[in-house]
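An overview of the molecular structure
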Amino acid sequence: MKKSLLLRRAALIALVLALSGQACTISLFELPTLPATSTQTPAGNAPTPAPQSAAQTTFIASLPEPLQPGETLALAILDEVTGLSLNAAYYPMSSRDAFTYSAVLPLTMNSVVKYRYVRRASGQVTEDSTLGTAIRYRLYYVVGPGEVQDIVADWSDKSYARPKGAIQGRVLNADTGTPLPNILVAAGGMQYITDSAGRFDISGLPVGTHNLVVYSLDGIYLPFQQGAAIGDSQTTNVDLRVKPAPLVSVTFSVSTPTNTVPGAPVRVAGNLLQLGNTFADLQGGLSTNADRMPIMDLLPDGKYTTRVSLPVGAHVQYKYTLGDGFWNAEHKTTGEFILREFIVPPQDVTLNDTIETWGSGPSSPILFEVSVPDVTPPGDIIYIQFNPYGWTEPIPMWPLGNNRWAYKLYGPLNMLGSFGYRYCRNGQCGSADDSATSGHSAHGREVSTSLTSQDIQDTVSSWAWFENPEPTTLVGSSITARGSGFVTGVEFQSTFRPNWSYYAPQALANTQALGSNYVVLTPSWTYTTISPLTFAPVPGQDPLWIDSAIMISQARALGLNAAIFPTPHFPASSSDYWLAAPRDASWWQMWFNRYRAFAVNYADLAAQTGAQMLILGGDWVMPALPGGTLADGSPSNAPADVESQWKVTIAEVRQHFTGKIYWALPYTKSNLQTPLSFLQDTDGIYLLWSASLSTNPSATKADYVTEAGRLLDNEVSPLPSLINKPIILALAYPSAAGTANGCLTDGKGGCLDWTALSRPNSDTGTVPLDLQAQADVYESILAAINSRPWISGVVSRGYYPPAALQDKSASVHGKPAADILWYWFPRMLGIVQ
């Protein structure tokens, strides 16, 4: 049951991603020829939804201190489809006493309202938590006339010392009792995404009663809410049960304005995962992403339509758009944004809508046309990114053919005067930019709104980090074919952005084309606070459970084996995190509990998706090992039972996953000499290798081969025989000067970590680009591995999935080093002689 439900949810999201892929196949200005039978359901067979009734709801807010003279309190009802701060409705609240304010609003029955409180004076101040984190929004489930009481913990410009507690528990399927991952739990404006055990843990709640809401991001489970009493320094434990909802077919059918560009893709943007909501704070305050929205079919009668399976009872907010929820979304003729809504009925339904206008005022549309270089990879999509007050999410342009692309901007031009824009590849603005406007700090090209139509014609003369890619000259080698268990793989980098999901199939196909038999995925959670220790998925920077499940399914469909290497994110760096942690006995126990939950979560994901390998450990856990030290060389004070903690963790993981479990061990001589008895409980070592091969700038590939062989024979070879486990070399060598000697200079006499050069990080000027150095190192290490049969595999780390870049990072995507792997991998596997 649990696995079949996961597959059903994955199929829904994967279908939407497939539908969104139609964007690059539509020929602009040319009406597509479509068959007479379409996805449109006859209106007689699928009724339109009935108008929704409203319920009077009273909001009562308790403040941490009285308002100052001239200040007022407002209730902000938020629109996550347009952008949380871009289309909010503000309702003034009345005082009941100096600390208590209220407002009464009519709200749609069975809707889930997103809101927060705002203090207003000369400016606007939003609320935050006792931990100093911003309140994205609170949730309220409208099941009838009611009252909700909230406690404002802090304001973003002030902090208050107050008693607080926590609530933790599990979210379970009410019908089966199975735990549910990927569920949003909210209380006091704080949010938590459940893990595979259905667990949530919300700390730092002010003492009092809070509204606790359970919300399914895809609507597959009905919302649930109840009051939760929080005591001083106490933890409230609760199990919450939610009902699964059946699916019905919802057909969206819309008539567009007469000035709609023929053939331009119309999307449906909405508040559910299936409709492009990422539940994240994306660039420019947006939350929806165009690449994750379904694209509608253009019918012969000029209407657009698409059919989506949605759960009965789900509250759906949506709009039609030629861009995302903000750019080129439909408007009223008076200029306001439109946000439609309905509750999914228990039968199939057709929504027949008419768009009033794409524009938002007197300004005329602006047509952007651009010609891009011939070296642009044929599968790339060109995006345009706008900068009205800061960069917003990139929008896919419309192909004209012959390396020409176009995009017509209708709105919201009433909000703009002059603004910046730029072009990039595959939505990776800031990394895969037009060379003339590259980097995160660029303002872009300039354009101003006008009462008359404009046709802006631009040319991208070159792409940043992809100016003139040249084929690599390969030198033939005598390569020994290995046994069937030998691993040739690519490890994707751990950074994640929601629009990467759209490019995952192509990245996986490229991985397979290199001759890989494994792809190593690196899904993540984020440490947001140290004490109390908060470690959980953060939407937008960590892939959701469903994102990882879909990628594994796509990899397996290509015949690739899948390994999962869970990797955390930190607010700054792992070394800073460890230095700031209290590291006392109680904190260490909490740390191991959270790591164990992290590992088990991905063990469950691996088991349910059919992944073949789970990789635990990594360089970031080194302070949590026996004899662990911090970045400054001081002891980490790991607990005396640290070996036992790791053995317990591995044992629990094995209860959830029967595949191979490897341990990621950073290569240093001291690491290889430190006895770790718990390694006996694993199935092998994933050796993280960035070893120096020479300090001589004039060293040749032959020198690299000799040094790699010496290190492998003298320092590494005793390890697999000592623990009787196979070893896989996981290579991380950036295409930058200094990569062969293991030191990428930081310009201050020190060395950078190799991940500092990974995208989407900004460029590091202290390190020169050197594509050939990376290729030479790879060829040399592969040659050394070739004569050492005791090595069981080799993996290239740091692969950047969404775009080929010839940058300084460790990614081989689009670089000469990829050609080296393409030559070696199939021959090592015996596929090519």
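From a predicted model like this one, the values you see are computed outputs, not experimental measurements.

1. Some words on the nonpolar core
Grouped together as the largest cluster of nonpolar side chains are 98 residues, with contacts concentrated most on W591, W646, W663, L687 and W689. Sort the elements by how many residues they give to this core and helix α5 (residues 585-609) lands first, with 12 residues. When near neighbours in sequence (up to four residues on either side) are disregarded, W663 contacts L616, G617, V621, L625, W646, F678, L679, T682, G684, I685 and Y686. With 82 residues, the next largest nonpolar core counts F252, L275, I395 and W405 among its residues.

2. Some points on the sheet that holds strand β33 (residues 487-492)
Here eight strands make up a closed barrel; going around it, the order is β33-β34-β37-β38-β39-β40-β41-β44 and the pairing parallel. Averaged over all pairs of adjacent strands, the angle between strand axes in this sheet comes to 25°, irrespective of strand direction. In the sheet, strand β37 (residues 561-564) pairs with strand β38 (residues 613-617) via two bridges, with the strands oriented parallel. The partner of A563 across the bridge, within β38, is M613.

3. Considerations on the side chain of E127
Within the fold, E127 resides in strand β7 (residues 124-128). The exposure class assigned to E127 is buried, which follows from its relative accessible area of 1%. Looking at E127, its side chain comes within polar contact range of the side chain of R138, at 2.7 Å. With residues near it in sequence (within four places) discarded, E127 still touches R116, Y117, A134, I135, R138, V152, D154 and W155.

4. Re the packing of helix α8 (residues 701-716) against helix α10 (residues 771-786)
Put simply, α8 and α10 touch, their axes get as near as 8 Å, and they point 50° apart. Between α8 and α10, the angle is such that the two are oblique. Crossing hand, α8 versus α10: right-handed. Touching K701, Y704, V705, A708, G709 and L712 of α8 are D776, V777, E779, S780, I781, A783 and A784, all from α10. When grouped by side-chain class, the residues that make up the contact of α8 with α10 number eight nonpolar, two polar and three charged.

5. Some words on the layout of surface pockets
Within this model, the second largest pocket holds a volume of roughly 860 Å³. Residue lining of the second largest pocket: 41 residues in total, with P377, Q506, N510, A804 and H813 positioned closest to the centre. Each residue belonging to the lining of the second largest pocket can be placed in one class, and the counts come to 26 nonpolar, 10 polar and five charged.

6. Concerning empty space enclosed by the protein
Counting across every chain of the model gives 10 cavities of 30 Å³ or more. What lines the largest cavity is a set of 16 residues, among which F492, Q493, F496, P543 and M551 lie closest to the centre. Mapped onto the lining of the largest cavity, the elements with two or more residues apiece are α2 (500-513) and α3 (545-557). Taken together, the residues of the lining of the largest cavity break down into nine nonpolar, six polar and one charged.

7. Considerations on the confidence of the model for the protein
The pLDDT averaged across the protein works out to 92; a share of 94% of its residues lies at or above 70. Below a pLDDT of 50 lies the segment residues 21-45, which in the model reaches 49 contacts outside its immediate sequence neighbourhood of four places, other chains included.

8. Comments concerning the packing of α10 against helix α11 (residues 816-828)
Across the interface, α10 lies against α11 with an axial gap of 8 Å and an inter-helix angle of 15°. In this view, α10 runs roughly parallel relative to α11, as classed from their interaxial angle. Of the two possible hands of crossing, α10 and α11 adopt the one that is right-handed. Two secondary-structure elements touch here, α10 through L771, Q774, A775, Y778, E779, L782, A783, I785 and N786 and α11 through P816, A817, I820, L821, W824 and M828. A class-by-class count of the residues in the contact of α10 with α11 yields 12 nonpolar, two polar and one charged.

9. Some thoughts on the packing of aromatic side chains
Inspection of every chain in the model, using the stated rule, returns 52 aromatic pairs. On the numbers, 5.2 Å between centres and 70° between planes, the contact of F252 with Y318 is edge-to-face. Of this pair, F252 sits in strand β18 (residues 247-255) while Y318 sits in strand β22 (residues 315-321), and the two are 66 residues apart along the sequence. Judged on exposure class, the residue F252 and its partner Y318 are both buried. Here the aromatic rings of Y318 and F342 are separated by 5.8 Å at their centres, their planes lie at 85°, and the arrangement is edge-to-face. Residue Y318 is located in strand β22, and its partner F342 is located in strand β23 (residues 340-343); the two are separated by 24 residues in the primary sequence.

10. Focus on unusual backbone geometry
Between G411 and the following residue, P412, the backbone shows a cis peptide bond with an omega angle of 5°. Assignment of secondary structure puts P412 in the loop between β29 (404-409) and β30 (418-425). Residue P760 is bonded to the preceding R759 through a cis peptide linkage, with omega at 10°. Of note, P760 is situated in the loop between β43 (751-752) and α10. At N402, a position not held by glycine, the phi torsion is positive, near 55°. A relative accessible area of 76% places N402 in the exposed class. Located in the positive-phi region is R583, a residue other than glycine, with phi close to 55°.

11. Details of the sheet that holds strand β31 (residues 445-448)
Strands sit in the order β27-β26-β30-β31 across an open sheet of four strands; the sheet is antiparallel. The sheet terminates laterally at β27 (395-396) and β31, the two strands that pair on one side only. Bridge count between β30 and β31: four bridges; the pairing is antiparallel. Note on β31: the bridge partner recorded for G420 is E446.

12. Examining the state of the cysteines
Under the criterion given, the structure shown has two disulfides. With its sulfur 2.0 Å from that of its partner, C424 forms a disulfide with C429. Between C424 and C429 the sulfur-sulfur dihedral comes to about -70°; the bridge is accordingly left-handed. Of the two residues examined, C424 and C429, each falls in the buried class. Disulfide partner of C743: C751, at an S-S distance of 1.8 Å. Measuring the twist about the S-S bond at about -95°, one finds the C743-C751 disulfide to be left-handed. Exposure remark for C751: the relative accessible area of 45% places this residue in the partly exposed category. Indicated for the protein is the disulfide connectivity 1-2, 3-4, based on numbering the bonded cysteines in sequence order.

13. Some thoughts on the pairing of strand β14 (residues 199-206)
Within β14, seven of the eight residues are buried, leaving the element largely enclosed by the surrounding structure. The pairing of strand β11 (residues 164-173) with β14 spans seven bridges and is antiparallel. Within β14, the residue paired with I167 across the bridge is I202.

14. Observations regarding the pattern of salt bridges
Side chains that carry opposite charge are capable of pairing whenever their charged atoms lie near each other. If you walk through the whole model with that rule in mind, you get 28 salt bridges. Ionic pairing is found between R759 and D807, a salt bridge with its closest N-O pair at 3.1 Å. Remark: D807 occurs in the loop between β44 (793-799) and α11 and R759 occurs in the loop between β43 and α10; sequence separation between them is 48 residues. In terms of burial, R759 and D807 fall into one category: buried. Close ionic contact of D807 with K815 constitutes a salt bridge, the shortest N to O distance being 3.0 Å. A single burial state applies to D807 and to K815, both of which are buried.

Cut-offs used in this document
- Residues numbered from 1 in each chain as written.
- Predicted model: local features only at pLDDT ≥ 70, side-chain atom pairs only at ≥ 80, totals over all residues.
- Heavy atoms only, no water.
- Core = buried A, V, L, I, M, F, W, Y, C linked by side-chain atoms within 4.5 Å.
- Buried < 20%, exposed > 50% of the residue type's maximum accessible area, 1.4 Å probe, protein only.
- Helix = DSSP H or I, 4+ residues; strand = E, 2+ residues; numbered from the N terminus.
- Contact = heavy atoms within 4.5 Å.
- Pairing = 2+ DSSP bridges.
- Axes fitted to C-alpha atoms, helices over the stretch in contact; angles between N-to-C directions.
- Polar contact = N/O pair within 3.5 Å; in protein donor to acceptor, adjacent residues only side chain to side chain.
- Parallel < 35°, antiparallel > 145°, perpendicular 65-115°, else oblique.
- Left-handed = near helix turned anticlockwise from the far one by under 90°.
- Nonpolar A, V, L, I, M, F, W, Y, C, P; charged D, E, K, R; others polar.
- 1 Å grid on protein atoms, 1.4 Å probe; cavity = no way out; pocket = protein on both sides within 12 Å on 5 of 7 lines; lining within 4 Å.
- Points joined across faces, edges and corners; volume = space filled by probe spheres on them.
- pLDDT = per-residue confidence, 0-100.
- Phe/Tyr/Trp six-rings, centres within 6.5 Å; stacked < 30°, edge-to-face > 60°.
- Disulfide = S-S within 2.5 Å.
- Salt bridge = Lys/Arg side-chain N within 4 Å of Asp/Glu carboxyl O.

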